[in-house]
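As a plain string of letters, each chain reads:
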Amino acid sequence: VKARALLAAALGAALVAGGASCVTYRGPRGVEEAIEREIGADLDREFGLKLGWTSTRVVAALVRDGAEDDPLDLGGLTGLGVAVFGVPEGARPPRRIDGRRLGLRGWETVLDVRDEGEQVLLLARGRGGEIRDALVVAYDGEEVVLARLRGRLDRIVDRMLEGAEADGARGARRAASLPGA
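Residues numbered from 1 in each chain as written. Predicted model: local features only at pLDDT ≥ 70, side-chain atom pairs only at ≥ 80, totals over all residues. Heavy atoms only, no water.

### Things to note about the pairing of strand β4 (residues 118-127)
To keep things clear, this is the line we draw: Only protein chains enter the calculation, and the probe is 1.4 Å; a residue is then buried if its accessible area is under 20% of its type maximum, exposed if over 50%, and partly exposed in between. Numbering of helices and strands runs from the N terminus; a helix is a DSSP stretch of H or I covering at least four residues, while a strand is a stretch of E covering at least two. Pairs of strands are assigned from DSSP output, requiring at least two bridges between the strands.
In terms of residue burial, β4 counts as a mostly covered element, since 7 of its 10 residues are buried. Pairing analysis gives 7 bridges linking strand β3 (residues 108-115) to β4, with the strands arranged antiparallel. Within β4, the position partnered with aspartate 115 by the bridge is glutamate 118. Here β3 folds back onto β4, and the loop between the two strands holds 2 residues, one of which, glutamate 116, carries a positive phi near 45°. Two elements, β4 and strand β5 (residues 130-139), share 9 bridges in a ladder whose sense is antiparallel. In the strand pairing of β5, arginine 127 is matched with glutamate 130. The hairpin turn running from β4 into β5, its antiparallel successor, is 2 residues long, and glycine 128 in that turn takes a positive phi close to 65°.

### Re the pattern of salt bridges
The condition that has to hold: A side-chain nitrogen of Lys or Arg and a carboxyl oxygen of Asp or Glu constitute a salt bridge if their distance falls within 4 Å.
If you walk through the whole model with that rule in mind, you get 10 salt bridges. Here glutamate 32 makes a salt bridge to arginine 26, at a shortest N to O gap of 2.8 Å. Between glutamate 118 and arginine 170 there is a salt bridge whose closest N-O contact spans 3.1 Å. Note that glutamate 118 is positioned in strand β4 and arginine 170 in helix α4 (residues 154-176), a separation of 52 residues in sequence. Accessibility expressed as a relative area gives 37% for arginine 170, which makes it partly exposed.

Here it is as structure tokens:
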């Protein structure tokens, strides 16, 4: 009985500690600071969430409708982190956020589209000829969104490229979002 109580307490502590780290996500190390340098102001983190393999798989199963062309087919996704930052008034808009200046080694800029004060930047790195890790940086003057995706991401990246071609930065943002978001 004592061993079970200790095991339950240890498991509970691990879940609480893991849950705390899930809601404090700020994006890949150094990216927030690099953007702050670009705009000359400190960003205000409004939201942060990181899902590991298990949580991502549960969410993917809950939102999928099973159709072949399901836009919510997240079956290839194995990890997700999202951070939303408010841009303070008076921050200078960057001419553009340069993916090479974000301090991420081994990442390649796949998409960089900017129009009407908005920018969407998609950085990716692959393994075995497939995109396995992607970072979306979206800036619109009022907020910065960082979304890091892990898994088999070729289909998601293709949707973003098509969206950017059709409607610029807004199309890329829409393609990277869940419908209705």
